[in-house]
Each structure stands twice: as C-alpha cells, then as structure tokens.
Amino acid sequence: MPELSYREAVRDAMSEAMRRDEDVFIMREDIAEMGGSMGVTQGMLDEFGPERVRNSPISEMAIVGAGIGAAVAGMRPIVEIMYQDFTTLAMEQIVNQAAKHRYMSGGQIKVPLTIRTQGGAGWSPGAQHAQQLEAWFVHVPGLKVVFPSTPEDARGLLWSSIYDDNPVLFFEHRTLYGLKGEVPKELEPIEIGKARIHREGEDVTVVATGRLVHEAVAAAEEAEKDGISVEIFDPRTLQPLDEEPLIASVKKTNRCVVAHEAVTRMGWGAEVAALVQEKAFDYLDAPVGRVGAKFTPLPFAPVMEEFVIPHAKDVLAAVKRAVGKE
Amino acid sequence: MSIRCPRVARLEEREQVAGSERLKDFLREMLLIRRFEEKVEERFRAGELPGFLHVAIGQEAVAVGVCRALEDGDVIASTHRAHGHTLAKGTHPNEVMAELYGKVEGCSHGYGGSMHLYDVERGNLGANAVVGGGLPAIVGAALAFQLRREPRVAVAFFGDGATNIGTFHEALNLAQLWKVPALFVCENNHYAESTPSKQQLPIEDLTKRAEAYGMTAVRVDGQDVEAVFKTTQKALKHARDGEGPVFVLAETYRLTGHYVGDPQVYRPKEEVREVRQKQDPITKLREKLELSDEEWEEMDAEATKLAQDSVEFAKQGTDPKPEDALKNVYA
C-alpha cells in the first residue's frame, strides 16, 4: 500500500474528484500559486488551471455563499476557510443559509458544498488562529461535520464529503498535515457517519478526535505498562454520530473517556457523555471522563499554550481515574 | 430537485407581446400582486395567518418589470418581502397563499412561510429573511452558469438597507472580480424597516456603491414598469454577453408598513399620501394606457378573484403532519 501524508491525502481526494468531475472546483485565497497556507493545494493550479482552482479575495461570507449558490446550481464546490477561527466570519452563511436551504424549501434544494478548514494548537498561533470549533457546527441541524485523524480517513472521507448532497464541514488538524500513513492504492470512499476502532482494548473506551486520537495512542501504550487495556474509538464523523458501535464499545469496557482538543466545557464530549449515560448507564463502572482544553482563549507563550491544551498525559490520567488506579 | 439541467419551460403567460398589449399584461400582474397582498393584510388582521408578513404594496413595478425581462433558466433570490417577486417569477397565487397558511400545497410545502418562498422549478432559489443573506449565493449560481458556459443570469433582489451589510459588499466585489452573469436589483424604498435613508445611508446615490467595485450601475424609476423592464433587458444582455454583473437601482416606495400591522410612526402620513397619489405604479400605468373604466374593472375583478380564490385554495389545503418537521433536514 502506498504511503501518503495527511496533507497529500487531502490533496489527492480533491484532485481525484476534479479529474473525474467537471462540477468539482475549489475556492479560497492563497490556494493557487501559493498552494494554500498549509501547502495542501500545491500543484493543483498547474493541473487544473485558475478557473477551477480559484484564488479569491479574503471574503469568507462571499466565498462560502458563492459555494452555496454554485452547489444549489448543480456544482460540487469545495471552499476552504484558512483557519477555523475565520468560520466566524461566514457563520451566517453556514448556519442560516447552507444548513437551512433544503429545509426551508421543503426539500426542493440540495447544497452539496464542502467547507474545508483547519486549526489546532501547537506552534503558538495564539487566540485567533488555533481554536477547535467543531462543536459549534455539530449543534446545527442540516450540517454534517467530519474530523479525520489519519491520512486514509482524510482521503476517503473528503471524497465522501465532496459527493455528499449536504453541506459538510471538514475539519483538518494542522499538526497532522505531516503525519504519514498507508492508504489503499485506489481511492476508497469512507462512508460519512461511520466510526472506526483505532485500537482495540478491554478496560476503557477512549472516544477521541483529531490530534487527540494520537495522544490517546500514546496514553494507551503507557497504560498498557500498568496492565490497563485501552480501546480507542475514533468517530471520524461528529455529525451524524455513529452511536451504535460507540455504545457497544462502552458496554464492553464499562468505562468511557472523551478526549478532544477543543475546550471541555460545553464541548462535543459533553454530548458523548450524555449519550453514554442515556444508553449505557447500567454498564458504567465509573463516571464518563472528559479531556479537553481549559476554559480560556489560547495563549501565545508556548509554556502557557502547553498548559491549556490536552496531551497524552491528560488522557492517561483520565483513563487511570476511570479504572480507579489514580 | 436540482436546477441543473432541465431549463424551465417557458410559461405561456410570459410570452412577449408587443406594445400596449404587453403593458396591459404587466398591469394585470401588478394588479394581481396588489390584490394578493391586500388579501394577505386582510387575512392577517383576521387572525388567520401565522408568522411575520411583509408586503410590498407600491413596489410591484420592480418585481414585474424585472421578472418579465428574464429568460427561461434565469434564477432569482428574493427577500423577506417576497410575495411580488415570487408571483412575478411565475408561481401560482394559490401556491404562495397556501404557503402563508402553512399548508403542504404551499410553494415551500409549509417549511418556509412568507419569508422563505421557494420555487426552484421556476427559478426562484428562495426568499431570505436575513437582510443581504441571499446575495453571495447569487454570485455562486452565476459562477456555476459561467463555468458551464450556460447563457443564464442570476438575479438578487434586495433593499437599500442591505447595501449596508457586509454580504452586499463582499458579493459585489466578488461578482465584479469574476465578471459573473448576475444582476443586483436594489429596491430602494428609502426605509430600512423603520429607519429612513438619512439615518442609515451617508450617501444618496447608491449606484456609487456598485461603481466603487467597478460594476456597471444603472438607475431607474421603479414606479415605471416599462422603464424597469427595458433597463433590466439591457442589464441582462450585458450580463449574458459576458460583460459582467450589473447593479440596477430601482427607486421605489413602500406604501404600507414594514410589516403588516406596523403603525409607521417613523414617517409623516402626508408623505405616504402624496406618493400614493402621484407615484402609485399601478395608477401610473393605468393612466398611461388610457384604459376605459370597463377594461379596468374587468382587469381588477380578475385579479381580485384570483386573490380571493387563493385564500379559498389555501384554507382547504392540507396541514403538514407535525412529525414531518423532522423531514428535509438532510438530503
């Protein structure tokens, strides 16, 4: 099996779709000659030309809105928002327009729009370039939310996002772009709404997203030394959530920890905790643990940033709490 | 339903006829919108209509003049004041009224209401209750037409109030930059809800805003349906020929409140009375055509009946099942 980086995997899904399908095109500033601020779209201008790799003004509302209009008119646009933090500028278009056209029209309209964005702490980007905001979008009926943690998932899920007839928010984690992983030779779509057991285990289920999947792996390896067997459950899609295998995993391990980089309070993990207690209460041997960022904007100074965001040691501590081995 | 391939079938009533016959046709349609909206006011006051209702009485010439100039396959996006645009784009009054009553037979099947009238088959991509909210999507629809080399134009309706919101500026900038086939039709009724121009616009001539983006901008008397029609035809040709988008500023006036029930404390009654006397687009056209009383009454009776029939149709419509609220969230 060939190996691709997370970055290459994202690019590969877009390029394959664009080779196959004239309706697919991408828009955002800096994606053409520059190849995107994270290098994701490098080389795409040369292959597809400026009509389909559209450098745009810094106009998040207009770019997302233009994506909506083009999607409604039968295209499959991919719009990039350079940093998740800037989705705030397009919030009205995403929440009131993209998510609701189908509903308000009584089913007359489809909005096959993919909104790619990235973020995450590490490298000290500060308070306006590193937030993890996926929970905001999971709260909006009409949107799908995808957050891959590996190259294979990134490629297969982005493909499915492009070909989904709904608006999809596709979250990439900046610190994962260099991560390499094996991918199938031929691009294989991964169904939106299907989770994956990243690592099998017996004693505690860690439901983790994005970077925290990898932190959870490190924590699991450490826990193994203490005889704790950790199962890592990567939902891959946050909306719709693949509930059944998640609940099955918790029923097997009888313990659950949710781990994401976003702020813990009111985070996506809170919903998972609620779901687990609703559907697997009698199976739980410990309260559902939550791991996430502290309730503060992201600071600049590296030592403070390190302190605020969750790491493997935080997952490990939560795992140990769950099994009563603090 | 996708608006992708099947071009909208040309509606018979849209076929262009020459001279005064065409203008009479416009008058019929404006009169239908007027009688329809008067009926809306009446039924709202009778407590029959839920939701927020905004009528465009006084602005009918813009809706009709623009929509009558469109070709099959052209699309529009409307505003919270959408009844006129929707009727002028060819949706049957029964379907519009049924929507206002929240019925399955409504043009949005009861999911939208007055502020979210859709009729994709007829090229109405939806009325938007967020001021300026629909403008960027019109740029996108026009971009799709451009990319597919289709000779179609996307048209955004909006008011003077929307020219103060960010989407307006981002959308116009992008549309002109990419020279997409779009029309931006600003219905300047001089009040953003209750706030008069002087309190919300630092300039009087709004074409300057479009010109600042390098966009061709034209100004037209929005109370003269023939002028609106001809101006729109020229603008459409410009857009369709690949010359880029056009900003059409239609100077108009809303003869009733912002919403049905608005006491209109923000403007003098004399102002409204004077416009009604001198600038009512329907009266103006009636006088221009020198219609006989007989002809006028016949036309009026026809419009009144269509409006009344739409109420009967809507009242006999089907209520959606409550649990159908869970449908149409995802495709």
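Residues numbered from 1 in each chain as written. Chains lettered and ligands numbered in written order. Predicted model: local features only at pLDDT ≥ 70, side-chain atom pairs only at ≥ 80, totals over all residues.

## Structural notes on the overall build of chain B
In terms of helices and strands, chain B carries 12 helices and eight strands. In terms of overall size, chain B behaves like a compact globule, its C-alpha atoms giving a radius of gyration of 19 Å where 331 residues would be expected to give roughly 20 Å. Projected onto its principal axes, the C-alpha positions of chain B cover 50 × 50 × 45 Å. When each of the 331 residues of chain B is scored for burial, the buried share is 54%. At a minimum sequence separation of 6, the contacts of chain B that also span at least 24 residues come to 76%. (Helix = DSSP H or I, 4+ residues; strand = E, 2+ residues; numbered from the N terminus. Rg over C-alpha atoms; globule rule 2.2 N^0.38 Å. Buried ≥ 20, exposed ≤ 12 C-beta atoms within 10 Å, placed from the backbone. Contact = placed C-beta atoms within 7 Å.)

## With respect to the interface of chain A and chain B
On the side of chain B, 38 residues touch chain A, which itself brings 35 residues to the contact. When residues of the side of chain A that touches chain B are traced back to their parent elements, those giving at least two are helix H3 (60-72), helix H4 (91-98) and helix H5 (101-104) of chain A. Counting residues per element, the side of chain A that touches chain B draws most heavily on H3 of chain A, at nine residues. Considered class by class, the residues forming the side of chain A that touches chain B number 14 nonpolar, 16 polar and five charged. (Nonpolar A, V, L, I, M, F, W, Y, C, P; charged D, E, K, R; others polar.)

## Some points on the domain arrangement of chain A
All names here are of chain A. For chain A, the assigned domains are domain 1 (3-182) and domain 2 (196-323). Once you take the C-alpha centre of each, domain 1 and domain 2 turn out to be 26 Å apart. Across the contact, 23 residues belong to domain 1 and 22 residues belong to domain 2. Counting only elements with at least two residues in the side of domain 1 that touches domain 2, the list comes to helix H6 (134-138), strand S6 (144-146) and helix H7 (151-162). Partitioned by chemical class, the residues of the side of domain 1 that touches domain 2 number 12 nonpolar, eight polar and three charged. (Domains from an automatic or database assignment.)

## Considering the sheet that holds strand S13 (residues 256-263) of chain A
Residues and elements named next belong to chain A. Taken together, the five strands give an open sheet; going across it, the order is S9-S11-S10-S13-S14, and neighbouring strands pair in mixed fashion. Sheet topology places strand S9 (196-199) and strand S14 (289-293) at the edges, where each strand pairs with a single neighbour. Pairwise comparison of adjacent strand axes, ignoring direction, gives a mean angle of 25° for this sheet. Both S13 and S14 contribute to a ladder of four bridges, which runs parallel. Paired with Val263 across the bridge in S14 is Ala293. Contacting S9, strand S10 (204-208), strand S11 (230-234) and S13, helix H9 (residues 243-253) crosses the sheet at an angle of about 150° to S10. Contacting S10, S13 and S14, helix H10 (residues 268-280) runs over the sheet at an angle of about 160° to S13. (Pairing = 2+ DSSP bridges. Axes fitted to C-alpha atoms, helices over the stretch in contact; angles between N-to-C directions.)

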